[in-house]
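# Reading the structure
The chain contents come next:
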Amino acid sequence: LPVLPTPFHTIKFGRGCPYHCSYCSVGAQYASTKVRLIDPDYFMEELHVLQRADGGRIGSLMIHDDILLFPKWLGDWNEKLKQQFGHVPYWCQMRADFIVKHPDLVQHMAEAGMCWVSVGYETGHARTLESIMNKELKVIGIDDPVEINIRASEVLTSLGINSFGNFMFGNPTETNEEMDATVRIIQRIRPQHHGFSTYCDFPGTPMSQMIDTAGLRAEDWYARSHYPWQYRIKGVDYDHVGNCIARASQTPRVYLNPGQRGLWRTAG
């Protein structure tokens, strides 16, 4: 990644996801197993192997786990990372409600090197998040899932962590007004990276099944494609999708903690 120093390594220390977002099939793929993690000490051994292979350096890491969920494991891993390697810039992905529930852990991870977090904010409208996407965002005392997204962005900003914000337009039954709400949330959160997509269903997911049951699939729809100009679902204003993405793309981005060679916090 151009924003992380070399030598750069993509890594994985867990697999699986217990959530059931309607547009995603990861939970279904791993329904017969629990989320699995390797031992933090074993993972440290792997990092030492990489360090020796790269002339004694660990430049940066991108953690490709499906999702980071376990506070104790993450706390132990980041403490070992700091003790054995000092400060290692890394990128990972988290849920918004996890960030809101565990701000102290997020700070601990930032001190170990976490400088970018991918967050699936997805949309700025509660109906889309709850009834259509089934994001299952839960934080005691916060009933509005959109507010959870906002709070998560505030936690990251306060800690100097860059946000890779993922947003999806053109969801089934989504109105133009709901898509406009997503643009407003993007303008409020102001993520350092804009990850925009037009909804494209995966076979076997609950949302894909809902599209077929409700007869929303376009008759001339012939392939599952992420091209934003392809007409897929009845009732979606794809011209408005393009307009929303164009407007959201103009949202200013201010990178946090610019460092010696990029957008990460430097050791010390």
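Computed from a predicted structure; not experimentally measured.

Turning our eyes to something else, we now look at the pattern of salt bridges. According to the stated counting rule, one finds ten salt bridges in the structure shown. Where Lys-82 meets Glu-79, a salt bridge forms, and the shortest distance between an N and an O atom there is 3.9 Å. Placement of both Lys-82 and Glu-79 in helix H3 (residues 71-85) is noted, with a separation of three residues, approximately one turn of the helix. Classification of Lys-82 by relative accessible area gives partly exposed; the value is 24%. Each of Glu-79, Lys-82 and Glu-111 takes part in a single network of salt bridges with overlapping partners.

Let us look at the side chain of Ser-118. Here Ser-118 lies in strand E6 (residues 114-122). A distance of 2.8 Å separates the side chain of Ser-118 from the side chain of Trp-91, its partner in a polar contact. With residues near it in sequence (within four places) discarded, Ser-118 still touches Trp-91, Cys-92, Gln-93, Met-94, Phe-164 and Asn-166.

As a further point, take the packing of helix H8 (residues 176-189) against helix H10 (residues 238-249). Where H8 contacts H10, the axes come no closer than 9 Å and their chain directions differ by 10°. Overall, the two elements H8 and H10 adopt an arrangement that is roughly parallel. From H8, Asn-176, Met-179, Asp-180, Val-183, Ile-186 and Gln-187 reach across to H10, where they touch His-240, Val-241, Cys-244, Arg-247 and Ala-248. Residue composition of the contact of H8 with H10, grouped by class: six nonpolar, three polar and two charged.

A separate point is the nonpolar core. In summary, soluble globular proteins display a tendency toward joint burial of nonpolar side chains. Grouped together as the largest cluster of nonpolar side chains are 66 residues, with contacts concentrated most on Trp-77, Leu-81, Tyr-90, Met-94, Ile-99, Met-114 and Val-117. The element contributing the most residues to this core is helix H7 (residues 145-158), with six residues. When sequence neighbours within four positions are dropped, the list of residues in contact with Leu-81 reads Met-44, Leu-47, Gly-86, Val-88, Tyr-90 and Ala-112.

Let us now look at unusual backbone geometry. Look at the link from Thr-6 to Pro-7: it is a cis peptide, with omega at 0°. With respect to the helices and strands, the residue Pro-7 is situated in the segment before strand E1 (8-11). A positive phi is found at Glu-136, a non-glycine position, where the angle reads about 60°. Among the residues examined, Glu-136 registers a relative accessible area of 29% and is labelled partly exposed. For Arg-190, which is not a glycine, the phi torsion comes out positive at approximately 55°. Looking at the secondary structure, you find Arg-190 in the loop between H8 and strand E8 (193-198). Arg-190 gets classed as partly exposed once you look at its relative accessible area, which sits at 35%.

What follows covers the environment of Gln-209. With respect to the element layout, Gln-209 can be found in helix H9 (residues 206-213). Residue Gln-209 is classed as partly exposed on the basis of its relative accessible area, which comes to 47%. Remark: the alpha-carbon pair of Gln-209 and Ser-22, spanning 187 residues in sequence, is separated by 9.4 Å.

Reading predicted coordinates in detail is not appropriate for stretches of low pLDDT. Considering every residue of the chain, the mean pLDDT works out to 85; 88% of them sit at 70 or more. Note on residues 258-268: pLDDT under 50 across the span, and 27 contacts to partners over four residues away in sequence or across chains.

Most of strand E5 (residues 90-94) is tucked away: four of the five residues are buried. With five bridges joining them, E5 and E6 adopt parallel strand pairing. Across the sheet, Tyr-90 pairs through a bridge with Met-114, a residue of E6.

Here the focus is the pairing of strand E4 (residues 60-63). The side-chain alternation of E4 yields two buried faces, one formed by Ser-60 and Met-62 and the other by Leu-61 and Ile-63. Both E1 and E4 contribute to a ladder of four bridges, which runs parallel. For Phe-8, the partnering residue across the bridge sits in E4 and is Ser-60. Direction of pairing for E4 relative to E5: parallel, over a ladder of two bridges. Bridge assignment links Leu-61 to a residue of E5, and that residue is Tyr-90.

Taken together, the buried positions of helix H5 (residues 103-112) are occupied by Leu-105, Val-106, His-108, Met-109, Ala-110 and Ala-112. Against the buried residues of H5 lie H3, E5, helix H4 (96-101), E6 and H7. The first or second residue beyond H5 is Gly-113, which carries a positive phi of 140°.

Calculation criteria
- Residues numbered from 1 in each chain as written.
- Predicted model: local features only at pLDDT ≥ 70, side-chain atom pairs only at ≥ 80, totals over all residues.
- Heavy atoms only, no water.
- Salt bridge = Lys/Arg side-chain N within 4 Å of Asp/Glu carboxyl O.
- Helix = DSSP H or I, 4+ residues; strand = E, 2+ residues; numbered from the N terminus.
- Buried < 20%, exposed > 50% of the residue type's maximum accessible area, 1.4 Å probe, protein only.
- Polar contact = N/O pair within 3.5 Å; in protein donor to acceptor, adjacent residues only side chain to side chain.
- Contact = heavy atoms within 4.5 Å.
- Axes fitted to C-alpha atoms, helices over the stretch in contact; angles between N-to-C directions.
- Parallel < 35°, antiparallel > 145°, perpendicular 65-115°, else oblique.
- Nonpolar A, V, L, I, M, F, W, Y, C, P; charged D, E, K, R; others polar.
- Core = buried A, V, L, I, M, F, W, Y, C linked by side-chain atoms within 4.5 Å.
- pLDDT = per-residue confidence, 0-100.
- Pairing = 2+ DSSP bridges.

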